[in-house]
Amino acid sequence: RCIDGKLQHFKRGAFKLAIDFNLPIVPVTIDGSFKVMPRTTYLIKPGHIHLTIHKPIDINADNIDAVMEESYKVIESALPDCDKN
């Protein structure tokens, strides 16, 4: 969870696991969760959360950075402009 509610860059761990187990990455966009439960509180506010499950991305063990970038762009594409970096 981030401080400002904006999409941050990904860490490599999940991508390395996908390579190790030869599994595709399934990007998921969660939009609205920061407004419902900001990081600064444990109180849940009324609101809507939109979940978008994207098509799987096959892993390329030779270029993990390219797969990470593609995943980022796919997830970002489902966010409204105000939630993007």
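If you're wondering where the values come from, they're calculated on a predicted model, not measured in any experiment.

Trainee: Quick question: what am I supposed to make of the overall build of the protein here?
Mentor: In terms of helices and strands, the protein carries 3 helices and 2 strands. Ordering the α and β elements of the protein from the N terminus gives α-β-α-β-α. Oriented by its inertia axes, the alpha-carbon framework of the protein measures out at about 40 × 20 × 20 Å. The burial tally for the protein puts 26% of its 85 residues in the buried class. When contacts within the protein are restricted to residue pairs at least 6 apart in sequence, long-range pairs at least 24 apart make up 66% of them. A total of about 6,400 Å² of accessible surface is found on the protein, and carbon and sulfur atoms cover 57% of it. The positive charge centre, built from 11 side chains, and the negative charge centre, built from 11, are 8 Å apart in the protein.

Trainee: Looking at this structure, how should I read the environment of leucine 23?
Mentor: Here leucine 23 lies in the loop between helix H1 (13–20) and strand E1 (28–31). A residue is classified by how much of its surface remains accessible, and leucine 23, at 48% relative accessible area, is partly exposed. On a C-alpha basis, the gap between leucine 23 and isoleucine 59 in space is 7.1 Å, while along the polypeptide they are 36 residues apart. Not counting residues up to four positions away in its chain, the partners in contact with leucine 23 are Ala18 and Ile59.

Trainee: I would appreciate a short explanation of the packing of aromatic side chains in the present structure.
Mentor: The geometry of an aromatic ring pair comes down to the distance between the two centres and the angle between the two planes. Inspection of every chain in the model, using the stated rule, returns 2 aromatic pairs. Each residue in the set Phe10, Phe15 and Tyr72 is aromatic and connected to the rest through ring pairs, giving one cluster.

Trainee: Just checking my understanding: could you explain the packing of H1 against helix H3 (residues 64–77) for this structure?
Mentor: Axis angle and axis distance: for two packed helices, these are the angle between their axes and the distance between the axes, and together they describe the pair. Two elements in contact, H1 and H3, have axes separated by 10 Å at closest approach and are oriented at 120°. In terms of axis orientation, H1 runs oblique to H3. You can see that H1 and H3 cross each other, and the crossing is right-handed. Between H1, through Phe15, Lys16 and Ile19, and H3, the contact on the second element is made entirely by Ile64, Val67, Met68 and Ser71.

Trainee: It is not clear to me how the nonpolar core should be interpreted in this structure. Could you clarify?
Mentor: Nonpolar side chains in soluble globular proteins generally cluster together in the buried interior. Counting 7 residues, the largest nonpolar core consists of Phe15, Ala18, Ile25, Ile57, Ile64, Val67 and Met68. Mapped onto this core, the elements with two or more residues apiece are H1 and H3. By residue number, the principal contributor to this core is H3, which donates 3 residues. Not counting residues within four places of it along the chain, the set of residues in contact with valine 67 comprises Phe15, Ile25, Ile57, Asp58, Ile59 and Asn60.

Definitions and cut-offs
Residues numbered from 1 in each chain as written. Predicted model: local features only at pLDDT ≥ 70, side-chain atom pairs only at ≥ 80, totals over all residues. Heavy atoms only, no water. Helix = DSSP H or I, 4+ residues; strand = E, 2+ residues; numbered from the N terminus. Buried < 20%, exposed > 50% of the residue type's maximum accessible area, 1.4 Å probe, protein only. Contact = heavy atoms within 4.5 Å. Areas by Shrake-Rupley, 256 points an atom, 1.4 Å probe, with all protein chains shown as cover. Lys, Arg positive; Asp, Glu negative; His and termini not counted. Charge placed at Lys NZ, Arg CZ, Asp CG, Glu CD. Phe/Tyr/Trp six-rings, centres within 6.5 Å; stacked < 30°, edge-to-face > 60°. Axes fitted to C-alpha atoms, helices over the stretch in contact; angles between N-to-C directions. Parallel < 35°, antiparallel > 145°, perpendicular 65-115°, else oblique. Left-handed = near helix turned anticlockwise from the far one by under 90°. Core = buried A, V, L, I, M, F, W, Y, C linked by side-chain atoms within 4.5 Å.

The quantities given are spatial measurements derived from coordinates; they are silent on function.
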